[in-house]
Number of protein chains: 2
Amino acid sequence: MNSVDFTTVVSSMKNQKVDRPNRASVGTLSGHAAGEPFEKSVYRKLKEMYPNRIFKQYEYLNDIYLKHPKHITIEQRYALFKSPTALFLLSRGTEATKKWSPENIFEEKQNDTADILYYHDDFYNIIDVKTRNKSKTAMPPNIISAYKLAEMCALMIDNEEYENINIDYLEIDWIEDGNYLKCVDAHHGNLFKANPETLYINWAAAMQVQFHVCNLDQSWEGTREEWARYYLKVFVTSAEHRCQKMREMYIIPFLKYIKEDTCVDCKQENTQRLD
Amino acid sequence: MNSVDFTTVVSSMKNQKVDRPNRASVGTLSGHAAGEPFEKSVYRKLKEMYPNRIFKQYEYLNDIYLKHPKHITIEQRYALFKSPTALFLLSRGTEATKKWSPENIFEEKQNDTADILYYHDDFYNIIDVKTRNKSKTAMPPNIISAYKLAEMCALMIDNEEYENINIDYLEIDWIEDGNYLKCVDAHHGNLFKANPETLYINWAAAMQVQFHVCNLDQSWEGTREEWARYYLKVFVTSAEHRCQKMREMYIIPFLKYIKEDTCVDCKQENTQRLD
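Here is a short report on the structure shown in this document. (Residues numbered from 1 in each chain as written. Chains lettered and ligands numbered in written order. Predicted model: local features only at pLDDT ≥ 70, side-chain atom pairs only at ≥ 80, totals over all residues. Heavy atoms only, no water.)

## Observations concerning the sheet that holds strand β8 (residues 200–202) of chain B
Residues and elements named next belong to chain B. Under the convention used in this document: Two strands are counted as paired when DSSP detects at least two bridges linking them. Helix and strand labels come from DSSP, where a helix needs a run of H or I of at least four residues and a strand needs a run of E of at least two; each type is numbered from the N terminus. To define axes, lines are fitted to C-alpha atoms, for helices over the stretch in contact only, and angles between the resulting N-to-C directions are given on a 0 to 180 degree scale.
Reading across the sheet, the three strands line up as β5-β9-β8 and stay open at both edges, with antiparallel pairing between neighbours. Each end of this open sheet is capped by a strand with a single partner; those strands are β5 (142–145) and β8. Along the sheet, successive strands turn relative to each other by an average axial angle of 40°, direction set aside. One ladder, built from three bridges, connects β5 with strand β9 (residues 208–210); its direction is antiparallel. From the neighbouring strand, N142 faces β9, where its bridge partner is Q210.

## As for the packing of helix α1 (residues 6–13) of chain B against helix α3 (residues 36–49) of chain B
Residue and element names in this part refer to chain B. Condition: Relative orientations are named as follows: roughly parallel for angles under 35 degrees, roughly antiparallel for angles over 145 degrees, roughly perpendicular for angles from 65 to 115 degrees, and oblique for any other angle. Take the far helix as the reference: if the near one is turned anticlockwise from it by less than a right angle, the crossing is left-handed, and if turned clockwise, right-handed. By the convention used here, residues are in contact when the closest approach between their heavy atoms is within 4.5 Å.
At a minimum axis distance of 10 Å, the contact between α1 and α3 shows a crossing angle of 135°. In terms of their interaxial angle, α1 and α3 are classed as oblique. The handedness of the crossing between α1 and α3 is right-handed. Between α1 and α3, the residues in contact are T8, V9, S12 and M13 and F38, S41, V42, K45, L46 and M49, respectively.

## Considerations on the side chain of D128 of chain A
Residue and element names in this part refer to chain A. Operational definition: By the criterion applied in these results, polar contacts are pairs of N or O atoms within 3.5 Å in which, for protein atoms, one can donate a hydrogen and the other can accept it, and in which residues neighboring in sequence qualify only through two side-chain atoms.
By the element assignment, D128 lies in strand β4 (residues 123–133). At 3.2 Å, the side chain of D128 forms a polar contact with the backbone nitrogen of D115. In this structure D128 touches T113, A114, D115, I143, D168, Y169 and L170, once residues within four positions along its chain are discounted.

## Observations concerning helix α4 (residues 57–67) of chain A
Just so we agree on the cut-off: Whether a residue is buried, partly exposed or exposed follows from its accessible area with a 1.4 Å probe, protein chains only, as a fraction of its type maximum: under 20%, in between, or over 50%, in that order.
For α4 of chain A, the full list of buried residues reads Q57, Y58, Y60, L61, N62, I64 and Y65 of chain A. In this structure, the buried residues of α4 of chain A make contact with β2 (54–55), α5 (74–79), α6 (84–90), α7 (94–99), β3 (116–120) and β4 of chain A.

Everything listed here is a matter of coordinates, which is why it stays silent on function.
Right under this line is the structure:
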């Protein structure tokens, strides 16, 4: 398996300063936008290390479609992906892909899977950068849809694709420092080294897996296939648990209010069931 | 039932201008913060119309606790609410209420139920202001938790509180206008005039009811009790539907991956069930 040298990226980020995107007088910084300069900085570092292998996700798509101008149908364009799993994770929807042309190329999209993509020799490494204001306590951020991960695992198993995809996360911790933001710490974690059991799925927040990269478990020692199957087990169990909780919280407590006044028979039935 | 004159508020808002909260050069405005000056403007108008009956939610809480300095236990403080339903909708949690003192009063909290409260003569009117940049298309905003509404309906029925609570929404549509934001239209809708069937519950977005106030159905002609019971029926049906959909999308398609490799017996059982 190819591999990106994340240790070098992490150490290059530490103590780095970037211009703050607003004036200190405007107030505190928050949200995704605040840390964006650090995401750009990670991209530049990776590009410097691997000039021809690093892309933004939309750059990669534009690149392969531009290189194959005769591939114009949706089937031809999708066939440019060497991997069904990468196709699923990286391609845009059918409509957008049909409409793509050299005059109408893709731009960055907020819900793209990858912030940055390392591609070489049919190996796809998705890299996501999470920036974090260390002077605030914050809930773990949205990482990726748990459902998207489940679909990915099914595709990996169906196509026996265990060696050609990787997903890595970088966390850049920063503080405000006058006219700058300063990186005070950086962390790396690989999704497939995390025991799937330790991943928290927030069903009420668009089924997002949520974690701080610095806390991501890295203890998994099984094979990639074992990871995929175990993730699916964890996902299905979590979905079942969520359904059961929904039943207990959102259905059962309210049944008595909606049946009582319908008819005497229902009333009896309802009383029997609930008492 | 008391009532707030929303027609006057709506017409007073139209064509109003407020200072834009950032410079035009900084770029487009988005998010809740952008329309905040209009929320303040609605509050000022209502305060002008009903000087002693209009509060921010936290102001109301501070007001009743300050007026009853001898009520210091949690039970005493909660007893200051004349209505169990209003207590549920408006009070802060046990810990926060215990810690309240004249030196440690409440401040605004983002997930308070009401932006503005009209209170008079044991009648509580919750007023929520939604501001909307009309030059952008936007998804309907989060209005209120569908579960919170269900709990409210149960309380209304349990306590036969049908006349002392109201929930109203105002929508302020604005556009950028040089150094100002200009209100180009305003709308009012009453929650209990909306047929519960027409309320969309987004289960994946923290169970929020979502709508644009201008599109809120206002055709309900039943009693408040009928509304509460019918809402609960709609809520429970929606929860059941969500569970069923979760089963179909997130459980069944993945079962074959997690059972196959466990044992021969399971494999057979699994094959029978899925083929």
